[in-house]
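Each chain is listed here by its residues.
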Amino acid sequence: MRVVVVGHGMAATRFVEELTGNSAGVEVTVLGGEPRGSYNRVLLTSVLAGDYPRDGIWTHDAGWYRDRGVTVRDGIQVTGIDRAASLVTGADGSRFGYDRLVLATGGVPNVPPVAGLRADRSGGLLAGCHTFQTLADCEALLADARHARRAVVVGGGVLGLEVARALSERGPTVRVVHRSGALMDAQLDPDGAAVLRRTVDELGIGCHLSTVARAVAGRDRVTGVVLDSGSTLDCDLLVVACGIKPDTALATGAELATRRGVLVDDAMRSVTDQRVLAIGDCAEHRGRAYGLVEPAFEQAAVAARTVLAGAPGRYSGSRTVTRLKARGVELASMGEVAPEPYDEDGVEVVKLIDPARGRYVKLVIRNGRLVGAVALGDADVAASVTVAYDRRSILPPDRVRLLSGGEQPGTDPADLSDATAVCRCNAVTAGQIRTSAGRGARSVAAVARETKATTGCGSCRSAVAALLAARPAQRAAPNRRRCTLSDDRCDEERVPGGRT
Ligand SMILES: Cc1cc2nc3c(=O)[nH]c(=O)nc-3n(C[C@H](O)[C@H](O)[C@H](O)COP(=O)(O)OP(=O)(O)OC[C@H]3O[C@@H](n4cnc5c(N)ncnc54)[C@H](O)[C@@H]3O)c2cc1C
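I will try to describe carefully the structure that is included in this document. It should be emphasised that the depicted structure is a prediction, and the values quoted were computed from it without experimental measurement.

1. Some points on the site of the ligand
Right, on to step 1. Taken together, 30 residues lie around the ligand, and Ala11, Glu34, Asp281, Val293 and Lys325 are the ones closest in.
Right, on to step 2. Arg41 places a side-chain nitrogen or oxygen 2.8 Å from an oxygen atom of the ligand.
Right, on to step 3. With respect to the ligand, the backbone of Ala104 contributes an N or O atom lying 3.3 Å from an oxygen atom.
Right, on to step 4. For the ligand, the accessible surface in isolation is 1000 Å², of which the surrounding protein chains cover 90%.

Structure follows, in structure tokens:
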């Protein structure tokens, strides 16, 4: 069977891993539009911040694919699908026949219609203006940021704030322009957003909320951003970070049904053509296009089962946790965070608001189970509420202890049952990490090599370190400490004698 994969990003790479782990008689060809192969896109903001080495983000080298008999053609933009003839065409005229076609084309940045932003009719941006989606974008921004004194980021969502924080660590003063009255309004309720704003202000990043960028000033290069108020923010660097939209261009051209993304069934097959599958940021399943890596990986695994087994795999949607990767801001948001139905039967909303210390915790509990939470300003609380959310078990009656990060039975990473997922992106359980440690893995990096834990969004590094620190001989030790190292140090350092 010939399987052609369009796109060589995170979903495609995971699909190939799943497929080649279990396949015989499958001929796989991967066609990637970016020139240099597959990398962990999630780490780009860490590269921008200087927290992660650029050459540490690659996923697999050519040898890995060769060993698995996978043909990879990077730098080929697929321009058309001929479903009747079962082949795809590349921009260079090359053609590839398929029995199954997997679309993993990801997303494209939303670029709002700001006057003067586009430099020419071809759509390129004015010098000094950037989007932030690919490694090439990251490298271009890094080069420009070296000389920049004043940067403006348009967009105060997750990506905008991560970029703003990363840039601010590199020197320029940074201001964020956000259309909504609240930062990260898709993930936070108004109280949480207000505390976040204060935290961001204290980091020296100015926020212009309920503000629209109307025009970019500058003839050959950006010199400022004109706001809807009429005032201008002077800048020599501008980043547009207004989210992404699924890239459905190929699917639409091939008359596959799309809405926001390519419409797929529970087996990740196009609802129009069962020989075409779509996964990751380009796919829309049951009305949701996630734009996150954990669902992309889950969908890739289901798609591989569908292709291999002949019997369709089954994807029923993902429960997602969003974490902000910005130094000095610990923030996790998950599930239902908006509702305030204090008097709805079975619903409890418990909050701690401490703006002076940059802390905000909100728990939404339905019938005794955590169905949504925001944890801002405290890494331990973020870790324990994420665990409580994942476990879906009945919470202990004392909710206030969870708010304050006090010890909660079963929510310290080291106390997790073997079945609990620790690395949500890669579905690695606490049991698998303990097994890996038992087989000799002594560092987070070693566990990552063996299990893939931490290689998605990376937010589980401290939990993996805590599990390593609590290897059996030490598990009963009193006064066990959680890992308090930064993610990077956790990744590099061994965890000697059960302590971090
Ligand atoms: C800076 C940044 C930080 C992020 N941080 C997080 C995070 O912390 N947590 C999280 O869950 N998610 C995060 N995300 C989102 C996450 O990276 C995506 O959800 C994930 O990459 C989706 O994988 P994908 O394969 O669907 O798309 P992508 O990884 O975007 O890959 C799509 C690939 O397809 C290629 N392609 C498109 N069209 C064609 C064509 N016609 N022919 C050939 N190739 C084509 C593209 O060039 C691209 O290489 C982040 C994204 C960015 C940009």
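So, next bit.
2. Some details on the side chain of His178
Right, on to step 1. Its location among the elements puts His178 in the loop between strand S11 (173–177) and helix H6 (190–202).
Right, on to step 2. What His178 contacts, discounting residues up to four positions off in sequence, is Gly155, Gly156, Gly157, Leu183, Met184, Asp185, His208, Leu209, Ser210 and Thr211.

3. Details of the sheet that holds strand S19 (residues 276–278)
Paired through backbone hydrogen bonds, the strands of a sheet run either parallel or antiparallel to each other.
Right, on to step 1. The strand order S3-S2-S1-S7-S19 describes an open sheet built from five strands, whose pairing is parallel. The open sheet has two edge strands, strand S3 (71–74) and S19, and neither has a second partner. Within the sheet, the average angular offset between the axes of one strand and its neighbour, ignoring direction, is 15°.
Right, on to step 2. In the sheet, strand S1 (residues 2–6) pairs with strand S7 (residues 100–103) via four bridges, with the strands oriented parallel. Within S7, the residue paired with Val5 across the bridge is Val102.

4. Quick look at the packing of helix H11 (residues 430–438) against helix H13 (residues 461–469)
Right, on to step 1. Taken N-terminus to C-terminus, the directions of H11 and H13 make an angle of 55°; their axes are 10 Å apart at the nearest point. Classified by the interaxial angle, the pair formed by H11 and H13 is oblique. The interaxial crossing formed by H11 with H13 has right-handed handedness. When H11 is examined against H13, the residues Ala430, Ile433, Arg434 and Ala437 are found in contact with a partner set consisting of Val464, Leu467 and Leu468.
Right, on to step 2. Split by residue class, the contact of H11 with H13 holds six nonpolar, no polar and one charged.

5. Concerning helix H4 (residues 135–145)
Right, on to step 1. The complete set of buried residues in H4 reads Leu135, Asp137, Cys138, Leu141, Leu142, Asp144 and Ala145.
Right, on to step 2. Where the residues of H4 are buried, they touch helix H2 (44–49), strand S9 (129–130), helix H5 (158–169) and strand S16 (237–240).

Analysis parameters
- Residues numbered from 1 in each chain as written.
- Predicted model: local features only at pLDDT ≥ 70, side-chain atom pairs only at ≥ 80, totals over all residues.
- Heavy atoms only, no water.
- Near = heavy atom within 4 Å.
- Polar contact = N/O pair within 3.5 Å; in protein donor to acceptor, adjacent residues only side chain to side chain.
- Areas by Shrake-Rupley, 256 points an atom, 1.4 Å probe, with all protein chains shown as cover.
- Helix = DSSP H or I, 4+ residues; strand = E, 2+ residues; numbered from the N terminus.
- Contact = heavy atoms within 4.5 Å.
- Pairing = 2+ DSSP bridges.
- Axes fitted to C-alpha atoms, helices over the stretch in contact; angles between N-to-C directions.
- Parallel < 35°, antiparallel > 145°, perpendicular 65-115°, else oblique.
- Left-handed = near helix turned anticlockwise from the far one by under 90°.
- Nonpolar A, V, L, I, M, F, W, Y, C, P; charged D, E, K, R; others polar.
- Buried < 20%, exposed > 50% of the residue type's maximum accessible area, 1.4 Å probe, protein only.

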